[in-house]
Number of protein chains: 2
Amino acid sequence: MNKEKIISDLKKLVGDENVSTYAEDLFVYSFDSYSIPFLDETIMKCRPDVVVKVKTTQQVSDVLRYANQWKIPVTPRAAGTSLAGGTIPIKGGIVLDLRIMNKIKKIDIENLQVIVEPGVIKAKLNEALKPYGFFFPPDPGSEEYCTIGGMIATNAGGMRAVKYGVTKDYVLGLEVVLPNGDVIRTGANTLKYSIGYDLAKLFVGSEGTLGVITEATLKIVPLPKHRAVALAQYRSFRDATKTVPHLIARALPSAIEFLDKYAIKAVNEWTKANIPEEVATLLIEVDGEKEDVRLRMNEVVKTCREFGAVNVQWSDDPNEMIKLWTARRDSGPALLRLRPEWAKMYGAEDVAVPLSKLPDAVEAFQKIGEKYGIFLACIGHAGDGNIHTSISIDVTRKEEQFLAIKRAFEEIHKVALELGGVVAGEHGIGLARKAYMEKQHGNALQVMKAIKQAIDPNNIMNPGKIFD
Amino acid sequence: MNKEKIISDLKKLVGDENVSTYAEDLFVYSFDSYSIPFLDETIMKCRPDVVVKVKTTQQVSDVLRYANQWKIPVTPRAAGTSLAGGTIPIKGGIVLDLRIMNKIKKIDIENLQVIVEPGVIKAKLNEALKPYGFFFPPDPGSEEYCTIGGMIATNAGGMRAVKYGVTKDYVLGLEVVLPNGDVIRTGANTLKYSIGYDLAKLFVGSEGTLGVITEATLKIVPLPKHRAVALAQYRSFRDATKTVPHLIARALPSAIEFLDKYAIKAVNEWTKANIPEEVATLLIEVDGEKEDVRLRMNEVVKTCREFGAVNVQWSDDPNEMIKLWTARRDSGPALLRLRPEWAKMYGAEDVAVPLSKLPDAVEAFQKIGEKYGIFLACIGHAGDGNIHTSISIDVTRKEEQFLAIKRAFEEIHKVALELGGVVAGEHGIGLARKAYMEKQHGNALQVMKAIKQAIDPNNIMNPGKIFD
């Protein structure tokens, strides 16, 4: 099939204005937040053949049916915030842009749910829910610009997963366009169901490899009325980690974040916040009714001290809370801009380990950083053992540092797997981690491939992601 | 392959003492809690060819590999509490009894998880967790005798799903023996993961049709320190239902149960409890810290009155709470033994609808009962729209009532689907509801069948359940 004919056919399906082959478009749709330009020349050079913007389920269906007929790869994409290269069109073909499918179709408080299109931005959904006193809890760092579709595709988490769970826990039902163009509805719009295989939950986290999500029915929960935040610092990571299950048992925090001393140092350099640069820092948030929050915060303080915290402060005053959150909130930009000649690299930034292995993991990762002479800081979600390493390289020593970083990534993943953990807690596999799928899953990988084959026999949906 | 040879081969795999072809065994393994003897003569007459008890993953693997080779049906079973006929061996073959795989392998408080075999009885797990101050929340009515394996197979729920969710929300990882005998590990032993297709969640609710669960890693949560219960009665079901989302928003109850006047009447006859026989009764439980529970209970009382409750009482005194729970707790036995000549029938006992449709559903179901001259009461989980109809027939008028009940079941399911609901909230599809799979799922059913075909091409695993 010739390319001109494909472009002209696609224009008939979605309108001329929604099909682009401009070099500029092909360029910007060739990468995402995974910093591939620095890492892999082959990926850096990949381009889609065409960008197609869709705004209805019917259009998605038409495009997929067409692509399936001619075996054209389709890479779904919205905000492009993937940290694993999930939206990079490595096999060319069509990039399907879902950003304009961004309607909040129904806010249904009576049934504790919302119905949204995939292009709705996470923060906008919560803005819309706020007047009703409800919210959709998963809160990835990119919530101001990431979309619900992408969150479902990667089973996104966030800081509050320790209390509120992850995206999967809120997906009740989905409308999905299958690779052959068929439109199915899966799950239900009831809060509970036991009606055969839970396809909705199978599509969650499938990273666009099984079909395109065109509508989601999401469970929503009441906004907490009050919050408080504590900062607790320890001379040992092991003490900090030991506190975590007890904090959960005694105070059910809505977030338990951690930072290592390198991250605190970066924050201090960036903000002049002057936070003591202890080995381990925890930030603990509690939410609920005002009086209850205070009672539980007292438990938090007592528990942290009991397990060896040397510096504990807390507040439920909004301004004071902002100060206490500084370390965590500003660690992202602080680590990104540590030195002008440094660039932050993604690839091994999302491992998770059983809680009890957190100190071993952090210690091992810090050693890996030293061994390869690369800057490596550990921050993340202590409540669910999810470690976001922040790794920067010196771009003036590009080639040498590339080699170092590739080896460091490999070692980090190896350590995570050896500690009984996973290579991705909430960012997905995409391109970045597909080499570890065999080690992660063993022969269960064959079952995944059998499912992929059953649903997408022509392998048109986001080919080359999760596995080859 | 001749039957004698199969029996003798199976004995070699699991030991003589674990293989039975005694008529008595074949009889007791031919039914479960779904009252099929009354309903369908063909099902009543079905028998397995052989009962095989297994106690290790290796034995399960050996038996499945053998069965797959000779295309022998395998029906996994533990406590046999299925209300949908999920463990009835309608195609004969092997019933695989997993009850003696009942070890709690690891209580891992540090990592907020337990590792169990499938035959562990739910209540025993919580007994074992109690000294640590933790529990596994899903709480089906049968929790004193049902097993974790069965709960996973059906995605069991219970009264506290409104706050704590269902079994699916607690399954982190599974060891599963596939139909071909391969042993896979799915999910993870971290609290969060995003590592490709979530096979663990696919096996949850698959009712033994994709493989045999031989080990589960389950998330556990801290036991609440305090509880309180309120009873609120209304002159209209619509008012009661309207209260529900507000109760959730204002007080996040751990249970919101409902009973209609027929259920209350039955409880009064059985217990002499003398509860006012109002149109709709809600029982609302709140749990948490003592002071917080009281504050939230005040919100509950205020909210119920605001939405028209005519009788509201609450208590956090243990003895008083037992009295308040009488209506719900004793409704089961009360409805079961209403008249000596009546028998309770399962089949349409588990529909769920969006919360806002609960009054329409209850009203429609009561009318269906009247239309067919059968006794029908509605109780259930108002917090998630799950209605357990209790339907009794007069066995002295057996044939005539059978016909009536079959039609009533059909109409109940039809109403549930028309109201945007599901035919099963927490009991599964099994045999009882497989006729509704097409209407429930439309063309998504083809995807389920494709997955079944991909994982179990010889259709040996629990054949004839969920779908044909």
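Residues numbered from 1 in each chain as written. Chains lettered and ligands numbered in written order. Predicted model: local features only at pLDDT ≥ 70, side-chain atom pairs only at ≥ 80, totals over all residues. Heavy atoms only, no water.

**What to know about the interface of chain A and chain B**
With 80 residues of chain A at the interface, the matching set in chain B holds 80 residues. Here chain A and chain B share an interface that buries about 6,200 Å² over both sides, 64% of which is from carbon and sulfur atoms. Seen at the junction of chain A and chain B, the total is six salt bridges. The salt bridge partner of A:Glu426 is B:Lys192, with a shortest N-O separation of 2.8 Å. Counting the contacts that link chain A with chain B gives 28 residue pairs in polar contact (both at pLDDT 80 or more). Among the elements of the structure, strand 9 (183-187), helix 9 (199-203), helix 10 (237-251), helix 12 (290-306), helix 17 (437-441) and helix 18 (444-455) of chain A are those that each provide at least two residues to the side of chain A that touches chain B. When residues in the side of chain A that touches chain B are grouped by element, the largest group, eight residues, is from helix 18 of chain A. For the side of chain A that touches chain B, the class distribution of residues is 39 nonpolar, 24 polar and 17 charged. (Contact = heavy atoms within 4.5 Å. Buried area = accessible area lost by both parts, 1.4 Å probe. Salt bridge = Lys/Arg side-chain N within 4 Å of Asp/Glu carboxyl O. Polar contact = N/O pair within 3.5 Å; in protein donor to acceptor, adjacent residues only side chain to side chain. Helix = DSSP H or I, 4+ residues; strand = E, 2+ residues; numbered from the N terminus. Nonpolar A, V, L, I, M, F, W, Y, C, P; charged D, E, K, R; others polar.)

**Some thoughts on the pattern of salt bridges**
Residue and element names in this part refer to chain B. Evaluation of the coordinates by the stated rule reveals 75 salt bridges over all chains. Across the salt bridge formed by Asp 9 and Lys 5, the nearest N and O atoms sit 2.8 Å from each other. With Asp 9 and Lys 5 both in helix 1 (residues 3-14), this residue pair falls four residues apart, about one helical turn. Here Lys 5 falls in the partly exposed class, since its relative accessible area comes to 40%. (Buried < 20%, exposed > 50% of the residue type's maximum accessible area, 1.4 Å probe, protein only.)

**A few points about the relation of the copies chain A and chain B**
Superposing chain A onto chain B requires a rotation of 180° together with a translation of 0.0 Å along the rotation axis, leaving an RMSD of 0.0 Å. In short, the pair behaves as if placed about a two-fold rotation axis. The fraction of interface residues of chain A whose copies in chain B are also interface residues reaches 100%, indicating that both copies meet through the same surface. (Least-squares fit on C-alpha atoms with pLDDT ≥ 70 in both.)

**Side note on the packing of helix 9 (residues 237-251) of chain B against helix 14 (residues 358-372) of chain B**
All names here are of chain B. Running from N to C, helix 9 and helix 14 cross one another at 145°; their axes reach a closest spacing of 8 Å. Considering how the two elements wind past one another, helix 9 and helix 14 form a crossing that is right-handed. Seen from helix 9, the contacting residues are Phe 237, Arg 238 and Thr 241; seen from helix 14, they are Leu 358, Pro 359, Asp 360, Val 362 and Glu 363. Partitioning the contact of helix 9 with helix 14 into residue classes produces four nonpolar, one polar and three charged. (Axes fitted to C-alpha atoms, helices over the stretch in contact; angles between N-to-C directions. Left-handed = near helix turned anticlockwise from the far one by under 90°.)

**A few points about the domain arrangement of chain A**
Residues and elements named next belong to chain A. You can read the domains of chain A as domain 1 (3-97), domain 2 (104-222), domain 3 (226-332) and domain 4 (339-441). Between domain 3 and domain 4, the C-alpha centre-to-centre distance is 23 Å. Each partner contributes residues to the interface: domain 3 has 16 residues there, and domain 4 has 21 residues. Summed over both sides, the interface of domain 3 with domain 4 buries roughly 1,600 Å², with 60% coming from carbon and sulfur. If you sort the residues of domain 3 by the area they bury against domain 4, Arg 238, Phe 258 and Tyr 262 come out on top, with a joint share of 38%. For Arg 238, the salt bridge is made with Asp 360, and the minimal N-O distance between the two is 2.8 Å. At the boundary of domain 3 and domain 4, one finds nine residue pairs in polar contact (both at pLDDT 80 or more). (Domains from an automatic or database assignment.)

**A look at the sheet that holds strand 2 (residues 50-53) of chain A**
All names here are of chain A. The mixed open sheet is built from four strands, whose spatial order is 1-2-4-3. Edge positions in the sheet fall to strand 1 (19-20) and strand 3 (74-77), since each of these pairs with one other strand and no more. Across four bridges, strand 2 lies against strand 4 (residues 94-97) in parallel orientation. Directly across from Val 51, in strand 4, lies its bridge partner Val 95. Packed on one face of the sheet, helix 1 (residues 3-14) meets strand 1, strand 2 and strand 4 and runs near 10° to strand 2. Each of strand 2, strand 3 and strand 4 touches helix 5 (residues 57-69); the most contacted strand, strand 4, lies at about 170° to it. (Pairing = 2+ DSSP bridges.)

**Observations regarding helix 6 (residues 122-129) of chain A**
Turning to helix 6 of chain A, its buried residues are A:Lys122, A:Ala123, A:Leu125, A:Asn126 and A:Leu129. Projected onto a plane normal to the axis of helix 6 of chain A, the buried residues spread over an arc of 155° and lie on a single side. (Arc of directions from axis to C-beta.)

**Quick look at the packing of aromatic side chains**
Taken as a whole, this structure holds 12 aromatic pairs over all chains when the rule is applied. Judged by centre distance (5.7 Å) and plane angle (80°), the ring pair of A:Tyr197 and B:Phe467 falls under edge-to-face. Taken together, the residues span two chains, with A:Tyr197 in the loop between strand 9 and helix 9 and B:Phe467 in the segment after helix 17 (444-455). Assigned by exposure class, A:Tyr197 and B:Phe467 land together as buried. Between B:Trp342 and B:Phe375 the ring centres are 5.3 Å apart and the planes differ by 35°, which places this aromatic pair in the tilted class. Placement of B:Trp342 in strand 16 (residues 342-345) and of B:Phe375 in strand 17 (residues 375-381) is noted, with a sequence separation of 33 residues between them. Its relative accessible area of 17% is what places B:Phe375 among the buried residues. (Phe/Tyr/Trp six-rings, centres within 6.5 Å; stacked < 30°, edge-to-face > 60°.)

**Quick look at the side chain of A:Ser194**
The topology assignment puts A:Ser194 in the loop between strand 9 and helix 9. Reaching out from A:Ser194, the side chain makes a polar contact with the backbone nitrogen of B:Gly428 at a distance of 3.1 Å. Not counting chain neighbours up to four residues away, the residues in contact with A:Ser194 comprise B:Thr154, B:Ala424, B:Gly425, B:Glu426, B:His427, B:Gly428 and B:Ile429.

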